[in-house]
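Each chain is listed here by its residues.
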Amino acid sequence: RFRGYSTVPIQVFAEAEYVLPYPSFMPGSKLYKVHLMWEEVLKYWHFGNLAQFRYNLEQADKYLIEAKTLFDYKQYLLGYKALKKSDQYFINILPNLMRAEKNGKNTLQKKVVFKEASQKHIEILNKIEIETPDTFLWQPERSLPTTLNIKEAILSAVFLREKSL
């Protein structure tokens, strides 16, 4: 039996895939509110179109992963809110990129990153759609119930990302 190394060269193609971040502080953590305040500070720290592009993309990524994690743990109200936050940050990405291009900045690489991010977001959203209920009746104590249209929110998020491709 031969257990040596092969002398036949193997051709390997590297594929650049967009990597989403590991979830940061989650709702319920003692530091979550501090984290939200820090996020507000960072919003003003990132000035300039390309910096705003990066900031909004990072936040859209972060809240998408937060939504997925919360949906995985059947925390539907918090997941729904995180998904909506991700959408709001996502909406702000392209206008900053277009303003940077209008101002003469080279945005070619940023456009590639944005396309890869959009595709990765769609992939994650499609997984979330399969694993979550279409609707969820949220019944808070001493308040009227609210129906969360989770599937509608997910499809809206997918549409938002698809139209940017």
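Up top is the structure these notes are about.
Because the structure is a prediction, the values reported are computed rather than measured. (Residues numbered from 1 in each chain as written. Predicted model: local features only at pLDDT ≥ 70, side-chain atom pairs only at ≥ 80, totals over all residues. Heavy atoms only, no water.)

Chemist: Sorry if this is basic, but what is going on with the pattern of salt bridges here?
Modeler: A pair can form between side chains of opposite charge whenever their charged atoms are brought close. The final tally for this structure, using the stated rule, is seven salt bridges. Between aspartate 87 and arginine 161 there is a salt bridge, and its shortest N-O distance comes to 2.7 Å. Of this pair, aspartate 87 sits in helix H3 (residues 76–91) while arginine 161 sits in helix H6 (residues 150–162); the two residues are 74 residues apart in sequence, bridging distant segments of the chain. Given the relative accessible area of 0%, arginine 161 is considered buried. For lysine 127, the salt bridge identified is with glutamate 123, shortest N-O distance 3.8 Å. Of this pair, lysine 127 and glutamate 123 are both found in helix H5 (residues 108–131), four residues apart, which corresponds to roughly one turn of the helix. Glutamate 123 sits in the partly exposed class, given a relative accessible area of 35%. Here the salt bridges share partners, and the residues they tie into one network are Lys120, Glu123 and Lys127. (Salt bridge = Lys/Arg side-chain N within 4 Å of Asp/Glu carboxyl O. Helix = DSSP H or I, 4+ residues; strand = E, 2+ residues; numbered from the N terminus. Buried < 20%, exposed > 50% of the residue type's maximum accessible area, 1.4 Å probe, protein only.)

Chemist: Can you help me understand H6 in this one?
Modeler: Given 3.6 residues per turn, any residue in an α-helix points the same way as the ones three and four places further on. The terminal C-alpha atoms of H6, which comprises 13 residues, lie 18 Å apart, in line with the 18 Å expected from a rise of 1.5 Å per residue. Inspection of H6 places Ile150, Ala153, Ile154, Ala157, Val158, Leu160 and Arg161 among the buried residues, and these make up the whole buried set. The buried residues of H6 all sit within an arc of 160° when viewed along its axis, so they share a single face. Away from its buried face by more than 90 degrees, H6 exposes Glu152 and Phe159. Each element contacted by the buried residues of H6 is listed here: helix H2 (49–72), H3, H5, strand E1 (136–138) and strand E2 (146–148). (Expected span 1.5 Å × (residues − 1). Arc of directions from axis to C-beta. Contact = heavy atoms within 4.5 Å.)

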